[in-house]
Amino acid sequence: MRTVQRTHGGAADPRHRDLVRDASLVWVAGGVVGVSFGAIAVTGGLPVWAPVVMSLVVYAGSAQFSAVGVLLAGGGPLAAAATGLLLNTRTAAFGLAVADVLGPGRLARLAGAHLVTDETVAFALAQTDPVRRRAAFWVSGIGLFAVWNVGVLAGALAGDALGDTARYGLDAAFPAVLVALVLPTLRAEARVRRCALPGAALALALTPAVPAGVPVLAALAGLALYGRGEARA
Amino acid sequence: MNATAGMILALAVGTYAFRLVGPALHGRVELPARVRELLSAGAVVLLTALLATGALTEGGGFAGWARAAGVLVGGVLAWRRAPFAVVVLGAAGTAAVLRLAGVT
């Protein structure tokens, strides 16, 4: 929240300390979820390399959990890959939304694309200043990539040491992260709110009836309520 | 290559391709202002839908009262402009305490 209201003129590093502080909470939570992913995959019967390699090259928490879930439930590799891909289609929309945030240069784009996740996009878009947008994306993204993969490795090696992470309320932490990052925009921009709230309601209504990943995509139908170009006038 | 490795590879390549669409087009295709506006609104629409389904559902059903109450507490804290850490820890703490008290 605070990060949104503060729009500093300068780009000096100490100014980004609050970004690191806010992002570090998400890193801790991501690390613990990573441990549980590694543990679930290995105790479910996959070899240690599978969750570790998957986390490095797929790098998408919800898709990884779903794909491994389908695999361990005997759904087969094709269904597992299809489920994960369906969940990740939203990253295409996110990539389009943050394309100008990544920075110039081919390497920044190629590496930055891999770091596009729900959390990094939310962190970036919560900033109003372009310099802080870029900093928020890279700070949250690099940190999250590091802790996620270290966490998965630790979980894969240690097995079921953490127990059920629901005990720590982590399942409530991730939606709350998105609430904290998205609420200022919803509050300030009536046109976005007009699309987002009916979209979310539609997603909730569809959830029991359609495959995972579809409800969130269906929410984009809310954009039909965005209205014509008042902002250009 | 075994089936698990093939699944991981397919998922990795497909996911990276999705992610690369925006950054690869950037600078080559000049998107109209209206489209750019819709794209950033679309990202917020997706994030809002994710937080709603993440707060309330799990595997197609209700996620339980502990998680829903936790996220609600986080939402109230965020609405009152509490710092980010307070929002996140408030949500997780509420869910954890409720579960400790036997609420699922």
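As the structure is a computational prediction, the values presented were derived from the model and not from experiment.

### Overview of the overall build of chain B
What chain B contains, in helices and strands, is four helices and two strands. From first element to last, N terminus to C terminus, chain B shows the α and β order α-α-β-β-α-α. Counting only C-alpha atoms and orienting by the principal axes, one finds that chain B spans roughly 55 × 45 × 25 Å. Evaluated residue by residue, chain B yields a buried proportion of 45% over its 104 residues.

### Quick notes on the overall build of chain A
Assigned secondary structure in chain A consists of twelve helices and zero strands. Taken from N to C terminus, the helices and strands of chain A fall in the order α-α-α-α-α-α-α-α-α-α-α-α. Relative to the 2.2 N^0.38 estimate, which gives 17 Å for 233 residues, the radius of gyration of chain A is 19 Å and therefore close to what a compact globule would have. In terms of overall dimensions, chain A has a C-alpha envelope of 60 × 45 × 40 Å along the principal axes. Across the 233 residues of chain A, 52% fall into the buried class. Within chain A, contacts between residues at least 6 apart in sequence are counted, and of these 72% link residues at least 24 apart.

### Thoughts on the domain arrangement of chain A
Residue and element names in this part refer to chain A. Each assigned domain of chain A is listed here: domain 1 (2–6 + 16–188) and domain 2 (189–233). With eight residues of domain 1 at the interface, the matching set in domain 2 holds eleven residues. Across the domain 1 to domain 2 interface the summed buried area is about 790 Å²; carbon plus sulfur atoms make up 71%. The three residues of domain 1 that bury the most area against domain 2 are Leu86, Thr185 and Leu186, which together make up 54% of that side's buried surface. Scanning the region where domain 1 abuts domain 2 turns up zero salt bridges. Looking at the side of domain 1 that touches domain 2, the elements that each hand over two or more residues are α5 (77–88) and α10 (170–188). Sort the elements by how many residues they give to the side of domain 1 that touches domain 2 and α10 lands first, with four residues. When grouped by side-chain class, the residues that make up the side of domain 1 that touches domain 2 number four nonpolar, two polar and two charged.

### Section: the packing of helix α2 (residues 17–43) of chain A against α10 of chain A
All names here are of chain A. It is the contact of α2 with α10, at a shortest axis distance of 11 Å, that shows an interaxial angle of 140 degrees. With respect to α10, the element α2 is oriented oblique. Crossing hand, α2 versus α10: left-handed. Between α2, through Val26, Ala29, Gly30, Val32 and Val33, and α10, the contact on the second element is made entirely by Leu170, Phe174 and Val177.

### A short note on the interface of chain B and chain A
Every contact between the two is made by 62 residues of chain B and, on the other side, 86 residues of chain A. Around 6500 Å² of area is buried between chain B and chain A when both sides are counted, 77% of it from carbon and sulfur atoms. For the chain B face of the interface with chain A, the top three residues by lost area are Arg19, Leu46 and Phe84 of chain B, together amounting to 13%. Run the count over chain B and chain A and you get three salt bridges. With a shortest N-O distance of 2.6 Å, Asp171 of chain A and Arg99 of chain B are connected by a salt bridge. At the junction of chain B with chain A, the criterion picks out 14 residue pairs in polar contact (both at pLDDT 80 or more). Residue assignment for the side of chain B that touches chain A shows that the elements contributing at least two residues are α1 (3–25), α2 (33–56), α3 (65–79) and α4 (84–100) of chain B.

### Some thoughts on unusual backbone geometry
Residues and elements named next belong to chain A. Despite not being glycine, Tyr59 has its phi angle at roughly 50 degrees, a positive value. Looking at the secondary structure, you find Tyr59 in the loop between α3 (49–57) and α4 (61–72). Accessibility expressed as a relative area gives 3% for Tyr59, which makes it buried.

### A word on the side chain of Asn88 of chain A
For Asn88 of chain A, the location among the structural elements is in helix α5. Apart from the residues lying within four places of it in its own chain, the contact partners of Asn88 of chain A are Val58, Ala60 and Ala63 of chain A together with Leu11, Thr15 and Phe18 of chain B.

### What about the packing of aromatic side chains?
Counted according to the given criterion, the structure contains six aromatic pairs over all chains. Measuring from ring centre to ring centre gives 6.1 Å for Phe37 of chain A and Trp148 of chain A, while their planes differ by 25 degrees; the resulting arrangement is stacked. Of this pair, Phe37 of chain A sits in helix α2 while Trp148 of chain A sits in helix α9 (residues 130–158), and the two are 111 residues apart along the sequence. No difference in accessibility class separates Phe37 of chain A from Trp148 of chain A, as the two residues are buried. Their ring planes at 55 degrees and their centres at 5.5 Å tell us that Phe123 of chain A and Phe84 of chain B sit as a pair that is tilted. On the criterion of chain membership, the pair formed by Phe123 of chain A in helix α8 (residues 118–125) and Phe84 of chain B in helix α4 is interchain, its members lying in two chains. Among the aromatic residues, those joined into a ring-pair cluster are Phe37, Phe65 and Trp148 of chain A.

The rules behind these values
Residues numbered from 1 in each chain as written. Chains lettered and ligands numbered in written order. Predicted model: local features only at pLDDT ≥ 70, side-chain atom pairs only at ≥ 80, totals over all residues. Heavy atoms only, no water. Helix = DSSP H or I, 4+ residues; strand = E, 2+ residues; numbered from the N terminus. Buried < 20%, exposed > 50% of the residue type's maximum accessible area, 1.4 Å probe, protein only. Rg over C-alpha atoms; globule rule 2.2 N^0.38 Å. Contact = heavy atoms within 4.5 Å. Domains from an automatic or database assignment. Buried area = accessible area lost by both parts, 1.4 Å probe. Salt bridge = Lys/Arg side-chain N within 4 Å of Asp/Glu carboxyl O. Nonpolar A, V, L, I, M, F, W, Y, C, P; charged D, E, K, R; others polar. Axes fitted to C-alpha atoms, helices over the stretch in contact; angles between N-to-C directions. Parallel < 35°, antiparallel > 145°, perpendicular 65-115°, else oblique. Left-handed = near helix turned anticlockwise from the far one by under 90°. Polar contact = N/O pair within 3.5 Å; in protein donor to acceptor, adjacent residues only side chain to side chain. Phe/Tyr/Trp six-rings, centres within 6.5 Å; stacked < 30°, edge-to-face > 60°.

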